[in-house]
Structure formats: C-alpha cells, structure tokens
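Structure at a glance
Chain by chain, the residues run as shown.
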Amino acid sequence: MGSTSATSTTSSPSSAARGGGGGGAHVLLLPCPGAQGHTNPLLEFGRRLAYHGLRPTLVTSRYVLSTTPPPGEPFRVAAISDGFNNGGMAACPDLDEYWRQLEAVGSETLAELIDLDESVFLLLNNRLLFFTKVKICPYSRFFTE
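**As for the pairing of strand E3 (residues 55-61)**
- Counting buried positions along E3 gives 7 out of 7 residues, so the element sits mostly inside the fold.
- As paired strands, strand E2 (residues 26-30) and E3 are joined by 4 bridges and run parallel to one another. Bridged to valine 27 within E3 is proline 56.
- Here E3 pairs with strand E4 (residues 76-80) via 5 bridges, running parallel. Within E4, the position partnered with valine 59 by the bridge is alanine 78.
- Between E3 and its parallel partner E4, the chain crosses via helix H2 (residues 62-67), and the hand of that crossover is right-handed.

Here it is, written out as structure tokens:
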C-alpha cells in the first residue's frame, strides 16, 4: 500500500473556449477503478457536461491513472488511492478486501480532493455509494448497467 494523499492535475485552459472548463460547476466523475465499461459512458457524459459549461474531473485510482492515458480535453484528472497504488485491483487476491480498502483509503483521499474545492458535485458509479459518506456535498448516481 502506498501514500494516501490525493493528487490532481488539470488540462490546458483551451477547454474554456469550447464551453468546457469555464466558470461552471465543478463535477467529479467517479467510475469504478479500472472498469472501462463504466469509465467510457461517464467520460461521454462528462463531455456533454463540459459542452454546457461545467468543469468535469475524472477521478480514478493512482494505479489506473499510471497505466492508462488521461482522457484529454475537456477533462481534468485527479487520483485517489485504492490502497493498492502499485498494482490496483489485481494486487489484491480478495475482491471483498479490495472494496474494503477502496472505501477506507479512497474515502480519505477523496475527502482531501473535495477539500481543495468544496463547491464540487459528485457523479459516481452506483457501486461507489460509500463515497457519499465522505463529505457533505451534492451527488448523483450514474448507472452504466
């Protein structure tokens, strides 16, 4: 298990010119870590939000972020820890333990991320509802099934 602090990176400011990244609300998009079938629909929805002036940030585990390319414009990217920063879900032989670690460690690092901008809105995969207990902030569930 690695460090537990949240990290954030931003894309270039040119997204504001296309309607994404302007002064609109900041939306944190949280798909299931490493689940491409959950990430792609959320990214598509994030592009639509950006078109309407909101500022989407893809939040994923450090391991996923280190092994896949960032989505590019109009997204900012932020990483949280799932407790298995060097191997992700594959580094944990017990899936139930992975989800427990993601809830414990991920909640901690997500709280740090929310503290950076308390005006955020969470849009998260239905499997990640435990993150709604992290901080008091508005949220909505995103179903990909």
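Alright, that's what it looks like, and here's the rest.
**Comments concerning the pairing of strand E5 (residues 120-125)**
- The element E5 is largely enclosed, with a buried count of 5 among its 6 residues.
- Where E5 meets strand E6 (residues 139-142), 4 bridges bridge the pair, whose relative direction is parallel. Note on E6: the bridge partner recorded for leucine 124 is arginine 141.

**With respect to unusual backbone geometry**
- In this structure, proline 74 follows glutamate 73 across a cis peptide bond, with omega equal to 5°.
- Checked against the element boundaries, proline 74 lands in the loop between H2 and E4.

**Digging into empty space enclosed by the protein**
- For the coordinates displayed, the defined rule picks out 1 cavity of 30 Å³ or more.
- Approximately 50 Å³ is the volume found for the largest cavity.
- Sorting elements by how many residues they give to the lining of the largest cavity places E3 first, with 3 residues.
- Residues belonging to the lining of the largest cavity are distributed by class as follows: 8 nonpolar, 2 polar and no charged.

**Considering the nonpolar core**
- Judged by nonpolar contacts, the single largest core of 23 residues is most densely connected at Leu28, Leu30, Leu110, Leu128 and Phe131.
- Listed by contribution, the elements that provide at least two residues to this core are E2, E4, helix H3 (95-116) and E5.
- The dominant element in this core, judged by the number of residues it contributes, is H3, at 7 residues.
- Setting aside chain neighbours within four positions, we find leucine 30 in contact with Leu42, Val59, Leu110, Leu122, Leu123, Leu124, Asn125, Leu128 and Phe131.

What counts, and where the lines are drawn
- Residue numbers run consecutively from 1 along every chain, following the written order of its sequence.
- Reporting of local features is limited, given that this is a predicted model, to residues whose pLDDT is at least 70; pairs of side-chain atoms are given and counted only at 80 or more, and all residues count toward the totals for whole chains, interfaces and linings.
- The basis for every side-chain value is the complete set of non-hydrogen atoms in the structure, without hydrogens or water.
- Throughout this description, buried means an accessible area under 20% of the type-specific maximum (1.4 Å probe, protein chains only), exposed means over 50%, and partly exposed covers the range between.
- Only DSSP runs of H or I covering at least 4 residues are called helices, and only runs of E covering at least 2 are called strands; the numbering of each starts at the N terminus.
- Here, any two strands with at least 2 DSSP bridges between them count as paired.
- For a crossover, the right-handed case is the one in which the path from the first strand over the helix to the second runs clockwise, viewed with the strands pointing away from the viewer.
- Buriedness of a pocket was judged along seven lines, with at least five required to meet protein on both sides within 12 Å; pockets are open sets of points on a 1 Å grid over the protein atoms alone, cavities are sets where a 1.4 Å probe fits but cannot get out, and lining residues have an atom within 4 Å of a point.
- Grid points are joined across faces, edges and corners, and a volume is the space filled by probe spheres set on the points.
- Under the convention adopted here, Pro, Cys and the residues Ala, Val, Leu, Ile, Met, Phe, Trp and Tyr are nonpolar, Asp, Glu, Lys and Arg are charged, and Gly plus all remaining residues are polar.
- What is meant by a nonpolar core is a set of buried Ala, Val, Leu, Ile, Met, Phe, Trp, Tyr and Cys residues, joined one to another through side-chain atoms within 4.5 Å.
- Note on definitions: a residue-residue contact is assigned when non-hydrogen atoms from the two residues lie within 4.5 Å.

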